[in-house]
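Letter by letter, the chains look like this.
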There are 2 protein chains.
Amino acid sequence: MNASQGGISAQQLRNFIEKIERLEQDKAELTEVIREVFGEAKSEGFDVKVMRQLIKIRRMKKDELVEQEELLGLYRQALGD
Amino acid sequence: MNASQGGISAQQLRNFIEKIERLEQDKAELTEVIREVFGEAKSEGFDVKVMRQLIKIRRMKKDELVEQEELLGLYRQALGD
């Protein structure tokens, strides 16, 4: 009997919840490390706001590139090229 | 000469940016894994919305506990207890 049938396995639920909480904890730690790296860059004289903008632009460019490559693949497939 | 003095070390900047991008990538992967775990829970019949609420409540309770313990420590210190 699974949870959708009205039965709930407490152990199964606990496993899922605790697994997610551990992953969320790992994410929070990464966020903290990122903050530290920005702090380090700042102490070296770099402007954090500009760095964040730069990272955003680079991500957009990368996403666009990936999208264009996917489209290209699709178009080539369509034409059998 | 550091970046605040008008000089910019391209290599230093690249190191910071690439380090942050790697960490952001790790974070994105964790987000994906979390999504997968929720998906797995859902396929076992658990309600994802309710699970998210549960995780939120547990986090709040934990944060409150930590805060109270910190305050308790402060008060004990103040009274030399």
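These remarks concern the structure in this document. (Residues numbered from 1 in each chain as written. Chains lettered and ligands numbered in written order. Predicted model: local features only at pLDDT ≥ 70, side-chain atom pairs only at ≥ 80, totals over all residues. Heavy atoms only, no water.)

1. Side note on the packing of aromatic side chains
Inspection of every chain in the model, using the stated rule, returns two aromatic pairs over all chains. Centroid distance F16 of chain A to F46 of chain B: 5.9 Å. Interplanar angle 70 degrees. Geometry classified as edge-to-face. With one member in each of two chains, F16 of chain A in helix α1 (residues 10-43) and F46 of chain B in the loop between α1 (10-43) and α2 (48-79) form a pair that bridges those chains. Residue F16 of chain A shares its accessibility class with F46 of chain B, and that shared class is buried. Between R52 of chain A and the ring centre of F38 of chain A, over which it is positioned, the NZ or CZ distance is 4.2 Å. (Phe/Tyr/Trp six-rings, centres within 6.5 Å; stacked < 30°, edge-to-face > 60°. Helix = DSSP H or I, 4+ residues; strand = E, 2+ residues; numbered from the N terminus. Buried < 20%, exposed > 50% of the residue type's maximum accessible area, 1.4 Å probe, protein only. Lys NZ or Arg CZ within 6 Å of the ring centre and 35° of its normal.)

2. As for the pattern of salt bridges
Considering all chains together, one arrives at six salt bridges over all chains under this definition. Residue E18 of chain A pairs with R14 of chain A through a salt bridge whose shortest N-O separation is 3.7 Å. Taken together, the positions of E18 of chain A and R14 of chain A, both in helix α1 and four residues apart, correspond to about one turn of that helix. Classification of E18 of chain A as partly exposed rests on a relative accessible area of 30%. The class of R14 of chain A is partly exposed, set by a relative accessible area of 45%. Close ionic contact of R35 of chain B with E32 of chain B constitutes a salt bridge, the shortest N to O distance being 3.3 Å. Separated by three residues within a single helix, R35 of chain B and E32 of chain B lie in helix α1, roughly one turn from each other. The partly exposed category is assigned to E32 of chain B, whose relative accessible area is 35%. (Salt bridge = Lys/Arg side-chain N within 4 Å of Asp/Glu carboxyl O.)

The values are spatial; any link to function lies outside them.
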